[in-house]
Amino acid sequence: MALSIGIVGLPNVGKSTLFNALTKAQNAEAANYPFCTIEPNKAIVAVPDKRLDQLSEIVKPKKVQNAVVEFTDIAGLVRGASKGEGLGNQFLAHIRETSAIVHVVRCFESESIVHVDGDVDPLRDIEVINTELVLADIQTLENRMKRLDKQVRIDKTLQPLFNSAKKLLEYLNTGKPASSFEDREADAFVDLMKDTGLISLKPMIYAANVDEDGLAEDNEYVKAVNEFAAAQGSESVKICAKVEEELSGLSDEEGEEFLEALGVTERGLDKIIHHGYHALGLVSYFTAGVQEVRAWTIEKGWRAPKAASVIHNDFERGFIRAEVVAFDDFITYKGESAARSAGKLRTEGKEYIVQDGDVMHFLFNV
């Protein structure tokens, strides 16, 4: 499985500049006017993980394969997007395909870059976007309820789904997102969501986009975004899209020196991906052999057979057992052989819950 992130926001907040920087591909036109991005741009990006470098130093593989994340740059949304304003319906459809949403919020002043509403106000901008996402979900849910209403007349077992949809619709009409709906764990709600993709249910990461002066210390705009995100139970991260774009043209060594000069320790790409993993409850395990050292993304809490399925479905179907070495033990003993001799290699069965950083070898038979 791969993390899929949609980048959204009002026009001219720095979305496409960030996309260009994150993907190191100038295939999303960044221009100073609304709707410069008409079609969604997608790019596959390697997930940075220094643990792969440590494993590779020991194993000396022929190939190293990072986990990947798919970024989708979605054209700027405006007020009325849920009703088709600014080609909104088309763009909202693309958001539904993603696992999480990065909402880029402008947190800097600039006379040379116009704001669609005339001035900079992060909380107003957030409200505009979030309102449109909720309104789009209301339309989706109303359509789902119309179908359910007909189905319930034939199959009374579907009544709990209809009741859940009705309660959720009332909640959405208060302007609140589905992600804060109190009955999200109810069986009827879970079943309803299998056939009803709601945008406002997706994890939201607020990216406060600042200028270079805003990197060293949080300005009032950034503080407001952080407070809002915390109140919503969402992730927030401060980035400078312009700096990220400059970094994309530098070598790793040059980039580290540039960041150090700015007083920054981590790239915006790393921050966004790490926050995305946390928001979605994702972790990584590793396979390490002379042919390949590779990171695999799974959901936290997956048992060994399910975790093996991301390599191939046959691994889950014919799962026998897994040989596991914790990452720290693998590094300490410099490989599987010494870890085995030290009693640090464990044999785990079908009920084993895979931990972040586990170095694994699966045995299966089909």
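Parameters at a glance
- Residues numbered from 1 in each chain as written.
- Predicted model: local features only at pLDDT ≥ 70, side-chain atom pairs only at ≥ 80, totals over all residues.
- Heavy atoms only, no water.
- 1 Å grid on protein atoms, 1.4 Å probe; cavity = no way out; pocket = protein on both sides within 12 Å on 5 of 7 lines; lining within 4 Å.
- Points joined across faces, edges and corners; volume = space filled by probe spheres on them.
- Helix = DSSP H or I, 4+ residues; strand = E, 2+ residues; numbered from the N terminus.
- Buried < 20%, exposed > 50% of the residue type's maximum accessible area, 1.4 Å probe, protein only.
- Pairing = 2+ DSSP bridges.
- pLDDT = per-residue confidence, 0-100.
- Contact = heavy atoms within 4.5 Å.
- Core = buried A, V, L, I, M, F, W, Y, C linked by side-chain atoms within 4.5 Å.
- Axes fitted to C-alpha atoms, helices over the stretch in contact; angles between N-to-C directions.
- Parallel < 35°, antiparallel > 145°, perpendicular 65-115°, else oblique.
- Nonpolar A, V, L, I, M, F, W, Y, C, P; charged D, E, K, R; others polar.
- Phe/Tyr/Trp six-rings, centres within 6.5 Å; stacked < 30°, edge-to-face > 60°.
- Lys NZ or Arg CZ within 6 Å of the ring centre and 35° of its normal.
- Patch = residues over 30% accessible without salt bridge, like charges linked within 9 Å, V, L, I, M, F, W, Y side chains within 5 Å.
- Areas by Shrake-Rupley, 256 points an atom, 1.4 Å probe, with all protein chains shown as cover.
- Salt bridge = Lys/Arg side-chain N within 4 Å of Asp/Glu carboxyl O.
- Lys, Arg positive; Asp, Glu negative; His and termini not counted.
- Charge placed at Lys NZ, Arg CZ, Asp CG, Glu CD.
- Polar contact = N/O pair within 3.5 Å; in protein donor to acceptor, adjacent residues only side chain to side chain.

The calculated volume of the largest pocket comes to roughly 890 Å³. Taken together, 29 residues make up the lining of the largest pocket; nearest its centre are Pro-48, Asp-252, Glu-256, Arg-267 and Asp-270. Looking at the lining of the largest pocket, the elements with two or more residues in it are helix 1 (15–23), strand 2 (41–46), helix 2 (50–59), helix 9 (252–262) and helix 10 (268–280). Counting residues per element, the lining of the largest pocket draws most heavily on helix 9, at 5 residues.

Most of strand 10 (residues 319–325) is tucked away, with 5 of its 7 residues classed as buried. Strand direction decides the pairing type here: strand 10 and strand 12 (residues 359–364), joined by 6 bridges, are antiparallel. Its bridge partner lying in strand 12, Val-325 is registered against Val-359. Alignment of strand 10 against strand 11 (residues 346–348), held across 3 bridges, turns out to be antiparallel. Opposite Ala-322, over in strand 11, you have Glu-348 as the bridge partner.

This brings us to the confidence of the model for the protein. Residues shown with low pLDDT carry predicted positions that ought not to be read at fine detail. Mean pLDDT over the protein works out to 87, with 88% of the residues at or above the 70 mark. Across the protein, element-level confidence peaks in helix 13 (residues 327–332) with a mean pLDDT of 98 and bottoms out in helix 3 (residues 88–95) with 64. Within the model, pLDDT remains below 50 along residues 25–38, and this stretch shows 39 contacts once partners closer than five positions in the same chain are excluded.

To continue, consider the nonpolar core. Val-69, Phe-71 and Ile-272 are the most contacted members of the largest nonpolar core, which totals 64 residues. With sequence-adjacent residues up to four places away left out, Phe-71 is seen in contact with Ile-5, Ile-7, Phe-19, Leu-22, Asn-41, Lys-42, Ala-43, Val-45, Leu-269, Ile-272 and Ile-273. Judged by nonpolar contacts, the second largest core, of 19 residues, contains Val-134, Leu-161, Phe-189 and Leu-198.

It is the contact of helix 4 (residues 122–154) with helix 7 (residues 220–232), at a shortest axis distance of 9 Å, that shows an interaxial angle of 40°. Judged by the angle between their axes, helix 4 and helix 7 are oblique. Residue-level contacts link Pro-122, Leu-123, Ile-126 and Asn-130 of helix 4 to Tyr-221, Ala-224, Val-225 and Phe-228 of helix 7. The residue inventory of the contact of helix 4 with helix 7, partitioned by class, reads 7 nonpolar, 1 polar and no charged.

On to the packing of aromatic side chains. Where two aromatic rings form a pair, the distance of their centres and the angle of their planes describe that pair. In the structure shown here, the tally under the stated rule is 8 aromatic pairs. Of the aromatic side chains, those joined through ring pairs into one cluster are Tyr-285, Phe-315, Phe-319, Phe-362 and Phe-364. Between the NZ or CZ atom of Arg-294 and the centre of the ring of Trp-296, over which it lies, the distance is 4.1 Å. Over the aromatic face of Trp-302 sits the side chain of Lys-306, whose NZ or CZ is 5.1 Å from the ring centroid.

It is worth spelling out a negative patch on the surface at this point. Taken together, the side chains of Asp-252, Glu-253, Glu-254, Glu-256, Glu-257 and Glu-260 present a region of like negative charge at the surface. The residue Glu-256 is located in helix 9 in this model.

This part covers the side chain of Arg-51. In this fold, Arg-51 is placed in helix 2. A distance of 2.9 Å separates the side chain of Arg-51 from the side chain of Asp-49, its partner in a polar contact. For Arg-51, the side chain forms a polar contact with the side chain of Asp-356, separated by 3.3 Å. Among all residues touching Arg-51, those that are not within four sequence positions of it are Ser-284, Phe-286, Phe-327, Asp-356 and Gly-357.

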